[in-house]
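# Survey of secondary and tertiary structure
The lines below spell out each chain.
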Amino acid sequence: MTDSKYFTTTKKGEIFELKAELNSDKKEKKKEAVKKVIASMTVGKDVSALFPDVVNCMQTDNLELKKLVYLYLMNYAKSQPDMAIMAVNTFVKDCEDPNPLIRALAVRTMGCIRVDKITEYLCEPLRKCLKDEDPYVRKTAAVCVAKLHDINAQLVEDQGFLDTLKDLISDSNPMVVANAVAALSEIAESHPSSNLLDLNPQSINKLLTALNECTEWGQIFILDCLANYTPKDDREAQSICERVTPRLSHANSAVVLSAVKVLMKFMEMLSKDLDYYGTLLKKLAPPLVTLLSAEPELQYVALRNINLIVQKRPEILKHEMKVFFVKYNDPIYVKLEKLDIMIRLASQANIAQVLAELKEYATEVDVDFVRKAVRAIGRCAIKVEQSAERCVSTLLDLIQTKVNYVVQEAIVVIKDIFRKYPNKYESVIATLCENLDSLDEPEARAAMIWIVGEYAERIDNADELLESFLEGFHDESTQVQLQLLTAIVKLFLKKPTETQELVQQVLSLATQDSDNPDLRDRGYIYWRLLSTDPVAAKEVVLAEKPLISEETDLIEPTLLDELICYIGTLASVYHKPPSAFVEGGRGVVHKSLPPRTASSESTESPEMAPAGAPPGEQLDVIPTQGDLLGDLLNLDLGPPVSGPPLATSSVQMGAVDLLGGGLDSLIGAPNFVAPPAATVPANLGAPMGSGLSDLFDLTSGVGTLSGSYVAPKAVWLPAMKAKGLEISGTFTRQVGSISMDLQLTNKALQVMTDFAIQFNRNSFGLAPAAPLQVHAPLSPNQTVEISLPLNTVGSVMKMEPLNNLQVAVKNNIDVFYFSTLYPLHILFVEDGKMDRQMFLATWKDIPNENEAQFQIRDCPLNAEAVSSRLQSSNIFTVAKRNVEGQDMLYQSLKLTNGIWVLAELRVQPGNPSFTLSLKCRAPEVSQHVYQAYETILKN
């Protein structure tokens, strides 16, 4: 008879009857009663009242009854902790039972009873079981340590269980090894900083030996542990790969994917010239192909992982295109994933085959799949240039079918083909215009409007076509409205006489009748551009567009490397790192691939920033300054008008005419007279930063020009925020000229050219005195140093903080924004020494509330040294006197905008703390002048 009878009793006084049966003398009756209790518990009835009676049944030799009682215990121990302590003695006794199954059962149940009061009683039995002679008990005890660690980590560490667990990695039984590894990995995940799995070549060897004899889940634990190890060199990596490769032929797909993860990770360290590298690539393909013959759900997981593998190493599956062809009975999620991989593998060699297949898919009945197939044809055209012609004719054939959704998708992808191959396939525009009336999806309408606006000069009735869209302007989606606005402005700039009314109409619709802020703003920008400067409008709106890249949907390289480390886990299915979907910080460790050996530079890693990446991605570095956006929109990024142009060689080299004479042309300050050669002091010893002393290695100091303190270069724009361009820099002032010393490093995979720079309005009118000239294209991994001369005749706007400078740098890839703080002492001018009488009168004249006092601590200089050091940065000592053993220095300095700052500096001999009093008519400057004092005196 089946056990279903236990679930069917609904007698009155059930608990009372069960109690009586549990206390019966007959073993069979007891067993029946416990089964009824478990059945009631399973359907959700509260049988906790029977706790003492059930616990009494533990004293039995019957294994089945013991299992049932333990099951009950696990469920109710949490709600009845005081009663649960009654069971502890039985656990301790069972842990010494001659039957290993009972010993293991006891230790397993102990680990599942999550009650603090009981845990300390479990330590002794657990310690014995970890050293038990039976491997089954040892492997169960290993997992119990991880469970106990989750309840009370401190207890586990104090009792030394972690060390015992580490010893089990060297156990003779492979299953014990696997469970020890699993337990240590689990504990290490919740404590990322602890180095529990201290892997070394010896322990790795033991794990690899155990790998061959484990159960399949044991193998997965060991493989995952191996994936976290970084071999010391490529020979060790190859040796591990050779021993892991046999796992690729395992029947369990999880084992296969874990083995693939280890191999993909260690391949990073192998040189591509090795014969073994080629052999490994060949061995990786068949197991991945085999995974695709499993049931659809497994296929989907395999395909999501293959998608990552193909992006990292397309050569693995480049000859296996046919297995990704769609079968008629594949579920839609498998079809779409296969389609994606087909595009990634498409190349000149197999494109004919792929196109024939895609054309077939485009006539299927599944709408989503057909749309994706049509898009795929467009992606092939963009990816494989030789196939573009065939792709376009295939798309035209599909448009002729007049199937609405096929036509709409075809128009969307043809727009991208036009952007990739300008002036090549525009002959098809006429065919596209015929289908204008059938478009009802926003994306297709927007694509068609873009085509009409972009090629208005080739379409005779472009104005009529756009006017037809304008009739229902307010019913259109935002995407279409924005596109229509831009297209009509383009049309107006190309045919101004015929379309004046049309442009007026669209601008008033966008600005006056619309409540969408994006649309309104774009409308106003166009309106102002057209009304103030039509030539500039033409340059902005009709600017040449960058070609789009073939793979705009590639995963970003660093994220791809991280996901490769998570093959076979949820992260590889979501294509997101665990931190994106695991709540809380527990268990989330950022992983990365091991560093490549010198000879294994990856050639397939995709370009850092595809040209078609959305242009907005980097703009999160724009500082949030009040009027900044409006200002940066006004940046023309051409050469600045202020200041005479520079001699090209002097900018490139940062070279100053060391013998004087040629300085004012460089400085861009006509009123500054350079000293004649003989008067340049031999060794004023001021540091030159990255300027001349570095360039000509003027270590002797001969011919060095005096100058203020130069801070070391800092990174202003990190490469990750600027598509691979890293900018470091500092500011210098040398003999009256201010310069920004820049270091540009190309960390992308493409050459950078066409550099330009522009500053936003700032408190002191700082602006480039010459264009940013990078003479040779900046190759990948190349660094170039440039000294950009600055002047102070730019537009002025008070910034917060006062010394904030916002900069836009443009190159052939994009425009990047960053902000930096410049030290105020670069604005202290050389004629800042005030006459004594004048100093006294001005000090009295400035109101006392404008005086600010500061402490400069830890500065062990005497008054003479202080005075000389400050003078090199244009802070001049007007007078000096000694009052009651204190040296009083009266000093003056003048900023480039004519503001004078007066200072009294008290220096007590032997005391490293100075008192600085500052008086100025613009008191907001005082804090920054004090910072300049600190910087100069302490460096």
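Since the model is a prediction, treat every value here as computed from it, not as a measurement.

## Focus on the nonpolar core
Judged by nonpolar contacts, the single largest core of 214 residues is most densely connected at Tyr72, Leu358 and Phe418. When residues of this core are assigned to domains, at least three fall in each of domain 1 (346-439) and domain 2 (441-532). If you look at the next biggest cluster of nonpolar residues, it comprises 62 residues, including Val774, Tyr822, Val929 and Tyr930.

## Some words on helix H9 (residues 135-151)
Taking 1.5 Å of rise per residue, 17 residues should cover 24 Å, and H9 covers 25 Å from first to last C-alpha, within 8% of that figure. Every buried residue of H9 is accounted for by Val137, Arg138, Thr140, Ala141, Ala142, Cys144, Val145, Ala146, Leu148, His149 and Ile151. Tucked into the core, H9 has its buried residues touching helix H7 (100-112), helix H8 (116-130), helix H10 (153-158), helix H11 (161-168) and helix H12 (174-190). Of the residues that open H9, the one with a side-chain oxygen 2.8 Å from the backbone nitrogen of tyrosine 136 is aspartate 134.

## Describing the environment of leucine 918
Looking at the element boundaries, leucine 918 is found in strand S13 (residues 914-920). Between the C-alpha atoms of leucine 918 and asparagine 850, which are 68 residues apart in sequence, the distance is 8.2 Å. Not counting residues up to four positions away in its chain, the partners in contact with leucine 918 are Asn850, Glu851, Ala852, Phe854, Val901, Leu902, Ala903, Ser926, Val929, Tyr930 and Tyr933.

## Topic: the sheet that holds strand S2 (residues 725-734)
The strand order S1-S2-S3-S6-S5 describes an open sheet built from five strands, whose pairing is antiparallel. Here the strands that pair on one side only, and so sit at the sheet edges, are strand S1 (714-717) and strand S5 (767-768). Of the pairings in the sheet, the one linking strand S3 (residues 737-746) to strand S6 (residues 783-791) comprises eight bridges and is antiparallel in character. In the strand pairing of S6, serine 739 is matched with proline 789.

## Here we look at the packing of aromatic side chains
By convention here, two paired aromatic rings are described through the distance between centres and the angle between planes. Throughout the structure, instances matching the rule amount to eleven aromatic pairs. Pairing tyrosine 300 with tyrosine 333 gives two aromatic rings, centres 5.5 Å apart and planes at 90°, and the pair type is edge-to-face. Remark: tyrosine 333 occurs in helix H19 (residues 332-345) and tyrosine 300 occurs in helix H18 (residues 296-312); sequence separation between them is 33 residues. The exposure class assigned to tyrosine 300 is partly exposed, which follows from its relative accessible area of 24%. When its relative accessible area of 32% is taken as the criterion, tyrosine 333 is described as partly exposed. Between phenylalanine 731 and tyrosine 822 the ring centres are 6.1 Å apart and the planes differ by 70°, which places this aromatic pair in the edge-to-face class. Remark: tyrosine 822 occurs in the loop between strand S8 (815-821) and helix H37 (836-845) and phenylalanine 731 occurs in strand S2; sequence separation between them is 91 residues. One exposure class covers both phenylalanine 731 and tyrosine 822, and it is buried. Members of the aromatic cluster, connected to one another through ring pairs, are Trp716, Phe731, Phe818 and Tyr822. Here the basic side chain of lysine 335 rests over the ring of phenylalanine 369, its NZ or CZ set 5.1 Å away from the ring centre.

## Quick look at unusual backbone geometry
Look at the link from glutamate 800 to proline 801: it is a cis peptide, with omega at -5°. Mapped onto the fold, proline 801 is located in the loop between S6 and strand S7 (804-810). The backbone of histidine 575 shows a phi angle near 60°, a positive value even though the residue is not glycine. Along the chain, histidine 575 turns up in the loop between helix H32 (570-574) and helix H33 (628-633). Residue classification places histidine 575 among the buried residues on the basis of a relative accessible area of 14%.

## Considering the pairing of S2
The buried count for S2 comes to ten of ten residues, which makes it a mostly enclosed element. Burial of S2 is two-sided: the residues Leu725, Ile727, Gly729, Phe731 and Arg733 facing one way and the residues Glu726, Ser728, Thr730, Thr732 and Gln734 facing the other way are all buried. Pairing between S1 and S2: three bridges, direction antiparallel. The partner of valine 715 across the bridge, within S2, is serine 728. The pairing of S2 with S3 spans ten bridges and is antiparallel. Counterpart to arginine 733 in the pairing with S3 is isoleucine 738. The loop that links S2 with its antiparallel partner S3 comprises two residues; one of these, valine 735, has a positive phi angle of about 45°.

## Side note on the side chain of glutamine 408
Here glutamine 408 shows up in helix H23 (residues 404-420). Residue classification places glutamine 408 among the buried positions, given a relative accessible area of 1%. Setting aside its immediate chain neighbours within four residues, glutamine 408 contacts Ser438, Leu439, Asp440, Glu441 and Ala444.

## A word on a negative patch on the surface
Where like charges cluster on the molecular surface, the negative patch consists of Glu464, Glu467, Glu471 and Glu501. On the basis of relative accessible area, glutamate 471 is assigned to the exposed category, the value being 68%.

## Points about the confidence of the model for the protein
Summary statistics for the protein give a mean pLDDT of 80 and a share of 85% for residues scoring 70 or more. Mean pLDDT across the secondary structure elements of the protein bottoms out at helix H35 (residues 663-667), with 30, and peaks at S5, with 93. Predicted confidence for residues 598-706 stays below pLDDT 50, and this span has 169 contacts to residues more than four positions away or in other chains.

## Remarks on the pattern of salt bridges
Any two side chains of opposite charge can pair, so long as their charged atoms come close to each other. Tallied over the entire structure, the rule returns 34 salt bridges. Residue arginine 733 is joined to glutamate 830 by a salt bridge in which the shortest nitrogen-to-oxygen separation is 2.9 Å. Taken together, the positions of arginine 733 in strand S2 and glutamate 830 in the loop between S8 and H37 put the pair 97 residues apart, joining distant regions of the chain. For arginine 733, a relative accessible area of 5% corresponds to the buried category. Exposure remark for glutamate 830: the relative accessible area of 33% places this residue in the partly exposed category. Of the charged contacts, one joins arginine 921 and aspartate 845 as a salt bridge, the two residues approaching to 2.7 Å between their closest N and O atoms. With arginine 921 in the loop between S13 and helix H39 (926-938) and aspartate 845 in helix H37, this residue pair connects regions lying 76 residues apart in the sequence.

## A closer look at the sheet that holds strand S11 (residues 886-894)
The strand order S9-S13-S12-S11-S10 describes an open sheet built from five strands, whose pairing is antiparallel. In the strand order of this sheet, the two ends are held by strand S9 (851-856) and strand S10 (876-883), each with one partner. Each strand of the sheet is rotated relative to its neighbour by a mean of 20°, with strand direction disregarded. Where S11 lies against strand S12 (residues 900-907), eight bridges are found, and the strand directions are antiparallel. Following the sheet pairing, aspartate 887 is matched in S12 by valine 907.

## Re the packing of H23 against helix H25 (residues 442-454)
Following both chains from N to C, one finds H23 and H25 inclined at 40°, their axes separated by 8 Å at the closest point. With respect to their mutual orientation, H23 and H25 come out oblique. Read as a crossing pair, H23 and H25 show a hand that is left-handed. Residues Gln408, Ile411, Val412, Lys415, Phe418 and Arg419 of H23 form the contact with H25, whose participating residues are Glu443, Ala444, Ala447, Met448, Trp450 and Ile451.

## Structural notes on the side chain of lysine 335
Note on placement: lysine 335 falls in helix H19. It turns out lysine 335 is buried and unbridged, and the closest side chain with the opposite charge, glutamate 364, is 4.4 Å from it. Discounting residues that sit within four places of it in the chain, lysine 335 has contacts with Val326, Lys327, Tyr328, Asp330, Glu364 and Phe369.

## Looking at the packing of helix H14 (residues 216-227) against helix H16 (residues 253-267)
The geometry of H14 relative to H16 is characterised by a closest axis approach of 9 Å and an angle of 15° between their N-to-C directions. Considering the angle they form, H14 stands roughly parallel to H16. Crossing angle aside, the handedness with which H14 passes H16 is left-handed. The segment H14 lies against H16, with Glu216, Trp217, Gln219, Ile220, Leu223, Asp224, Leu226 and Ala227 engaging Ala254, Val255, Ser258, Ala259, Lys261, Val262, Lys265 and Phe266.

## Here's the deal with the environment of glutamate 295
For glutamate 295, the position within the fold is in the loop between helix H17 (275-291) and H18. Separated by 35 residues in the primary sequence, glutamate 295 and aspartate 330 place their C-alpha atoms 9.8 Å from one another.

Conventions used here
- Residues numbered from 1 in each chain as written.
- Predicted model: local features only at pLDDT ≥ 70, side-chain atom pairs only at ≥ 80, totals over all residues.
- Heavy atoms only, no water.
- Core = buried A, V, L, I, M, F, W, Y, C linked by side-chain atoms within 4.5 Å.
- Buried < 20%, exposed > 50% of the residue type's maximum accessible area, 1.4 Å probe, protein only.
- Domains from an automatic or database assignment.
- Helix = DSSP H or I, 4+ residues; strand = E, 2+ residues; numbered from the N terminus.
- Expected span 1.5 Å × (residues − 1).
- Contact = heavy atoms within 4.5 Å.
- Polar contact = N/O pair within 3.5 Å; in protein donor to acceptor, adjacent residues only side chain to side chain.
- Pairing = 2+ DSSP bridges.
- Phe/Tyr/Trp six-rings, centres within 6.5 Å; stacked < 30°, edge-to-face > 60°.
- Lys NZ or Arg CZ within 6 Å of the ring centre and 35° of its normal.
- Patch = residues over 30% accessible without salt bridge, like charges linked within 9 Å, V, L, I, M, F, W, Y side chains within 5 Å.
- Areas by Shrake-Rupley, 256 points an atom, 1.4 Å probe, with all protein chains shown as cover.
- Salt bridge = Lys/Arg side-chain N within 4 Å of Asp/Glu carboxyl O.
- Lys, Arg positive; Asp, Glu negative; His and termini not counted.
- Charge placed at Lys NZ, Arg CZ, Asp CG, Glu CD.
- pLDDT = per-residue confidence, 0-100.
- Axes fitted to C-alpha atoms, helices over the stretch in contact; angles between N-to-C directions.
- Parallel < 35°, antiparallel > 145°, perpendicular 65-115°, else oblique.
- Left-handed = near helix turned anticlockwise from the far one by under 90°.

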